[in-house]
Structures are given as C-alpha cells and as structure tokens.
Amino acid sequence: MAAERRVEELCRGRRLVLARIYDVVKGSVKAFDALLHPGAVAVVAEENGRILLEKQYRPVVGEWLYEIPAGTLEPGEEPEETARRELVEETGYEPGWLKRLVEFYTSPGVSTEKLVVFAAGDLRWRGQKLEEDELIEVEWVKLEEALEMIRGGVIRDAKSIIGILYYHAGRVMGWL
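Every value quoted in this text rests on a predicted model; they were computed, and no experiment measured them. (Residues numbered from 1 in each chain as written. Predicted model: local features only at pLDDT ≥ 70, side-chain atom pairs only at ≥ 80, totals over all residues. Heavy atoms only, no water.)

### Here's the deal with the environment of T82
- Among the secondary structure elements, T82 is positioned in helix 1 (residues 79-91).
- Separated by 55 residues in sequence, T82 and E137 place their C-alpha atoms 20 Å apart.
- What T82 contacts, discounting residues up to four positions off in sequence, is V41, G71, T72, L73, E74 and E77.
- Side chain to side chain, T82 and E77 meet in a polar contact 2.7 Å long. (Helix = DSSP H or I, 4+ residues; strand = E, 2+ residues; numbered from the N terminus. Contact = heavy atoms within 4.5 Å. Polar contact = N/O pair within 3.5 Å; in protein donor to acceptor, adjacent residues only side chain to side chain.)

Written as structure tokens, this is what we have:
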C-alpha cells in the first residue's frame, strides 16, 4: 500500500502552525518543514491615478517597508470579506467595489500561504482601526511613482510588487 501524505504539527502560534509534511517523492516518503498558513489578501486601492501605500514597521525583519494594504484570513472568512475588513482597519478607507486580480502562493517551498490580490475603488473614509501591534503610516502616491519605487528598490515586499505590477499591466492591456 502506498504511503499517504501526512502532516505533523510541531508548534502552533497565534495564527500559524509550524509543521512537518511527509509526502511521497520519487517513490519514497520524504519530510518537509512547512509553515501552515490560513491564506491572505492584498489590495491595490486606487483613486484619481494614485494608489494607497502603507509604510509599515515589520518587527520580523526589523524594518519599515512600503506595502499595499494586506491581511490574513480569519476562520470562515472569504477573501473579499478580508480585503474589505483589512482596508478599513489599516487605512481607514472602505471600498465601494473590489475586483479580484490574481492569486498566488507566496513561497510554496516552505509555506501553504495563498494570497489573493484585489483592486479597489470608490473609497470612502471610515477611520483607521489599527490593531495594538500595528505601526502603519498611510501615503497616497501616483501609480507611476509606485512603479519607480519598485524599480528603485524602495518597495521590496513581494505581494506589493506583484499587486502593483499586475494592476499596472491590467490598466495598460485594458483588462482592468
């Protein structure tokens, strides 16, 4: 009988689980360390040719990073709900509309995290509701400036690079 994929929990955090995954590769069972993640979203929010960026302190890397708004799915929450919730919490803006752009695995060699990127518009101010451990400054920048920030290495966050470039490509190609 062939061995089946098995997941062994090693350590549980607040939202994430460090696990060892056993799976058959080339006819024998191999062990892989993995971070089990519930999934996340990111939002390219645009108004009048400008997009909403966050300058956020990230304790894990010990740096301030420019990012598009993003967050982790809560249990039972659909990605669109998470995108709406996170946009308001982190920036204070509620979207009138959301459009799903792309989804991808952030680092499939080590994590199960699947991230869904949305475009958002028709924004209404509702007030920022930051969590206790969040340090976020909100900035509006022209899309061209954000592209230059990517090219110049100022924006170094992968989800933000992918989201902004995908959004820009959609505008250029006419599918957004």
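### A short note on the packing of aromatic side chains
- Per the stated rule, a full pass over the model turns up four aromatic pairs.
- Members of the aromatic cluster, each reached through a chain of ring pairs, are Y93, W125 and W140.
- Here K55 stacks its cationic end above the ring of W64, 6.0 Å away from the centre of that ring. (Phe/Tyr/Trp six-rings, centres within 6.5 Å; stacked < 30°, edge-to-face > 60°. Lys NZ or Arg CZ within 6 Å of the ring centre and 35° of its normal.)

### With respect to the pattern of salt bridges
- Scanning all chains against the criterion turns up 20 salt bridges.
- For the salt bridge of R15 with E74, the shortest nitrogen-to-oxygen distance reads 3.5 Å. On the criterion of sequence distance, the pair formed by R15 in the loop between strand 1 (6-12) and strand 2 (17-25) and E74 in the loop between strand 7 (70-72) and helix 1 is long-range, its members being 59 residues apart.
- Where E67 meets K159, a salt bridge forms, and the shortest distance between an N and an O atom there is 2.8 Å. Residue E67 is found in strand 6 (residues 63-67), and its partner K159 is found in helix 3 (residues 158-173); the two are separated by 92 residues along the sequence. (Salt bridge = Lys/Arg side-chain N within 4 Å of Asp/Glu carboxyl O.)

### Topic: the layout of surface pockets
- For the largest pocket, the calculated volume is near 1,200 Å³.
- Around the largest pocket, the lining comprises 32 residues; the ones closest to its centre are H37, R58, V60, T72 and K159.
- Within the residue set of the lining of the largest pocket, elements represented by two or more residues are strand 5 (50-58), strand 6, strand 7, helix 1 and helix 3.
- Its residues assigned to classes, the lining of the largest pocket comprises 13 nonpolar, six polar and 13 charged. (1 Å grid on protein atoms, 1.4 Å probe; cavity = no way out; pocket = protein on both sides within 12 Å on 5 of 7 lines; lining within 4 Å. Points joined across faces, edges and corners; volume = space filled by probe spheres on them. Nonpolar A, V, L, I, M, F, W, Y, C, P; charged D, E, K, R; others polar.)

### Concerning a nonpolar patch on the surface
- Taken together, the side chains of V172, M173, W175 and L176 present a nonpolar region at the surface, about 410 Å² in accessible area.
- Counting through the fold element by element, W175 comes out in the segment after helix 3. (Patch = residues over 30% accessible without salt bridge, like charges linked within 9 Å, V, L, I, M, F, W, Y side chains within 5 Å. Areas by Shrake-Rupley, 256 points an atom, 1.4 Å probe, with all protein chains shown as cover.)

### A word on the UniProt feature "domain: Nudix hydrolase" (unreviewed entry) in the protein chain
- Under the UniProt annotation, "domain: Nudix hydrolase" (unreviewed entry) lies at residues 35-163.
- As annotated, residues 35-163 has a helix share of 22% and a strand share of 43%, and its two end C-alpha atoms lie 23 Å apart. (UniProt positions renumbered as here; feature names shortened; annotations may be inferred.)

### Some remarks on the sheet that holds strand 2
- With antiparallel pairing, three strands are arranged side by side in an open sheet as 1-2-3. The sheet terminates laterally at strand 1 and strand 3 (28-36), the two strands that pair on one side only. Across this sheet, the average inter-strand angle for adjacent strands is 20 degrees, counted without regard to direction.
- Two strands pair when backbone bridges link them, and strand 2 and strand 3 are joined in this way by nine bridges, in the antiparallel orientation. What sits directly across from L18, in strand 3, is L35. (Pairing = 2+ DSSP bridges. Axes fitted to C-alpha atoms, helices over the stretch in contact; angles between N-to-C directions.)

### A closer look at the domain arrangement of the protein chain
- For the protein chain, the assigned domains read domain 1 (6-36) and domain 2 (40-173).
- Once you take the C-alpha centre of each, domain 1 and domain 2 turn out to be 29 Å apart.
- Taken together, the contacts link six residues of domain 1 with eight residues of domain 2.
- Summed over both sides, the interface of domain 1 with domain 2 buries roughly 520 Å², with 34% coming from carbon and sulfur.
- Summed over the shared surface of domain 1 and domain 2, the number is four residue pairs in polar contact (both at pLDDT 80 or more).
- Here the side of domain 1 that touches domain 2 is built from residues that sort into three nonpolar, no polar and three charged. (Domains from an automatic or database assignment. Buried area = accessible area lost by both parts, 1.4 Å probe.)

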